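Each chain is listed here by its residues.
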Amino acid sequence: MSKDRFMKRFYPNKYYDSIFDIDLNSLKEKGIKSLLIDLDNTIIPRKEREVSEDLKEWFAKLFNEGFKVCIISNNWKARVDKAVKNLDLPLVARAAKPRKKAFEQGMKILGANRDQTAVIGDQIFTDVLGGNRIGLFTILVVPLSKNDLFYTKILRKLERLILKRDKRR
Ligand SMILES: [Mg+2]
């Protein structure tokens, strides 16, 4: 595999500061109807269990727009259950991302095929890599807990690389 092709596995298709910034219309235009969404640091800060009102509103908006959602988390089921209880969503816990199986399980639950499905997450090496491996549309967001400076530094570097690549098109 060439270096370029190898690196592309780590590039998301889109990159946003937060889930709230995701352009839902552009997803719809691409025919994407199903979203496999990470839990920790994507929709809820890692140490928290409460679901914010903003988040509830965002999910209500997703459903109004016709999106289907499954939570895919590498975390243990008990922790995940508590966190998503109020959202009433299907979930795949202990997902072992970037392995493909959990993404395939999520698609099966939603009755979706690959062309209709996007992955949303805060981690390059689990969410983005896993989604890219099976050809899903991948969306990276900045982790909600930003205390990991090392990780944030990598994200910023990746962001610059992606922006450079986009300009070349
Ligand atoms: Mg995460």
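Residues numbered from 1 in each chain as written. Predicted model: local features only at pLDDT ≥ 70, side-chain atom pairs only at ≥ 80, totals over all residues. Heavy atoms only, no water.

K.L.:
Tell me about the coordination of the magnesium ion, residues and numbers included.
P.N.:
Octahedral six-donor coordination of a metal ideally yields angles of 90 or 180 degrees, compared with 109.5 degrees for tetrahedral four-donor coordination. Protein-derived ligands of the magnesium ion are Asp 38 (OD), Asp 40 (O) and Asp 122 (OD), with the metal-ligand distances lying across 2.1 to 2.2 Å. Exposure remark for Asp 40: the relative accessible area of 6% places this residue in the buried category. (Donors = N, O, S within 2.8 Å, 3.2 Å for Na, K, Ca; no water. Buried < 20%, exposed > 50% of the residue type's maximum accessible area, 1.4 Å probe, protein only.)

K.L.:
An account of the pattern of salt bridges is requested, with residue identities and associated values reported.
P.N.:
Close approach of charged atoms allows side chains of opposite charge to pair. All told, the structure shown has 5 salt bridges when counted by the stated rule. With its nearest N and O atoms 2.5 Å apart, the salt bridge here joins Lys 28 to Glu 65. Of this pair, Lys 28 sits in helix α2 (residues 24–29) while Glu 65 sits in the loop between α3 (53–64) and β3 (68–72), placing them 37 residues apart in sequence. With relative accessibility at 30%, the residue Glu 65 sits in the partly exposed group. The partner of Lys 56 in a salt bridge is Glu 53, and the shortest N-O contact between them spans 3.5 Å. One end of the pair, Lys 56, and the other, Glu 53, are both in helix α3, 3 residues apart, so they sit about a helical turn from each other. Look at Glu 53 and you get exposed, because its relative accessible area is 52%. (Salt bridge = Lys/Arg side-chain N within 4 Å of Asp/Glu carboxyl O. Helix = DSSP H or I, 4+ residues; strand = E, 2+ residues; numbered from the N terminus.)

K.L.:
Describe unusual backbone geometry, with residues and values.
P.N.:
Residue Pro 98 is reached from Lys 97 by a cis peptide bond, and omega for that bond is 15°. Among the secondary structure elements, Pro 98 is positioned in the loop between β4 (91–92) and α5 (101–110). A positive phi angle, near 55°, is found at Asp 88, a position not held by glycine. Of note, Asp 88 is situated in the loop between α4 (77–84) and β4.

K.L.:
How would you sum up the nonpolar core? Please name residues and give values.
P.N.:
Buried together is how nonpolar side chains tend to be arranged in soluble globular proteins. Counting residues in hydrophobic clusters, the biggest one holds 31 residues, and the most contacted among them are Ile 22, Leu 35, Ile 37, Ile 43 and Phe 59. Looking at this core, the elements with two or more residues in it are α2, β2 (34–37), α3, β3, α4, β5 (117–121) and β6 (137–141). Formed by 13 residues, the second largest nonpolar core is a distinct cluster that contains Cys 70, Met 107, Leu 110 and Leu 136. (Core = buried A, V, L, I, M, F, W, Y, C linked by side-chain atoms within 4.5 Å.)

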